[in-house]
Amino acid sequence: MNIPSELKYTKDHEWIKIDDDIVTVGITDFAQGELGDIVYVEVETLDETLEAEEIFGTVEAVKTVSDLFLPVSGEIIEFNDSLEDEPEKVNSDPYGDGWMIKVRCSDVSQLDHLLSADDYKALIAG
């Protein structure tokens, strides 16, 4: 299982890459494996400002639909448009081409509450 140490994670199985006040968000390798083949990614919240833990979109797999939760408060400034035509990128490259959104974080102190790679490993180990 791939869990890059330079990223942060949530209990909802999302990963976060931090670049100053801009954070890139996607779902983890573990999450995409549990969901199975991703067939659709929907983000209707582009250019909206949401609070941490609010739903920013959904990911649809062959057998289920899952909500996507925003890990930090802020404005959603970018959606990975390539996922509209190739949602399977979430399966094949969850930490690279399969990223979902970029957020301008309004409260960077919230980043301190995210899980480290080791914490996330412990969470999914059960």
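Look up a bit, the structure's there.
Residues numbered from 1 in each chain as written. Predicted model: local features only at pLDDT ≥ 70, side-chain atom pairs only at ≥ 80, totals over all residues. Heavy atoms only, no water.

### Considerations on the side chain of Ser73
Rule in force here: Numbering goes from the N terminus for both helices and strands, where a helix is a DSSP run of H or I of at least four residues and a strand is a run of E of at least two. Burial status follows relative accessibility: with a 1.4 Å probe on protein chains alone, a residue under 20% of its type maximum counts as buried, one over 50% as exposed, and anything between as partly exposed. Here a polar contact is taken to be a pair of N or O atoms separated by no more than 3.5 Å, where protein atoms must pair a possible hydrogen donor with a possible acceptor and residues adjacent in sequence count only if both atoms sit in side chains. Contacts are assigned to residue pairs that have any heavy atoms within 4.5 Å of one another.
By secondary structure assignment, the location of Ser73 is in the loop between β7 (65-69) and β8 (74-79). You can call Ser73 buried: its relative accessible area is 3%. A polar contact of 3.1 Å, which involves the side chain of Ser73, links it to the side chain of Glu51. Excluding residues within four positions of it along the chain, Ser73 makes contact with Leu50, Glu51, Ala52, Arg104, Cys105, Ser106, Asp107 and Gln110.

### Structural notes on the nonpolar core
Quick note on the threshold: Put simply, buried Ala, Val, Leu, Ile, Met, Phe, Trp, Tyr and Cys residues joined by side-chain atoms within 4.5 Å make one nonpolar core.
Counting residues in each nonpolar core, the largest one holds 26 residues, and the members touching the most others are Val41, Phe56, Met100 and Ile101. Every element with two or more residues in this core is listed here: β3 (22-27), α1 (29-35), β4 (38-42), β6 (55-61), β8 and β9 (101-105). Setting aside residues up to four positions removed in sequence, Val41 forms contacts with Thr58, Val59, Phe79, Leu83, Pro87, Val90 and Met100. Membership of the second largest hydrophobic core comes to nine residues, among which are Leu7, Phe30, Trp99 and Ala117.

### A closer look at a nonpolar patch on the surface
Where we set the bar: Only residues whose relative accessible area exceeds 30% and that form no salt bridge are eligible for patches; like-charged ones are grouped when within 9 Å, while nonpolar side chains (Val, Leu, Ile, Met, Phe, Trp, Tyr) are grouped when within 5 Å. Only the protein chains shown count as covering a residue, and every accessible area follows the Shrake-Rupley method with a 1.4 Å probe. For salt bridges, the criterion is a side-chain nitrogen of Lys or Arg within 4 Å of an Asp or Glu carboxyl oxygen.
Together, Val39, Tyr40 and Val62 give the surface a local cluster of nonpolar side chains, amounting to about 290 Å² of exposed area. With respect to the helices and strands, Val62 occurs in the loop between β6 and β7. According to the relative accessible area criterion, Val62 is exposed, its value standing at 60%.

### Describing the environment of Leu7
Mapping Leu7 onto the fold places it in the segment before β1 (8-9). Setting aside residues up to four positions removed in sequence, Leu7 forms contacts with Trp15, Ile16, Lys17, Tyr95, Leu115 and Ala117.

Honestly, it's all geometry; don't read function into it.
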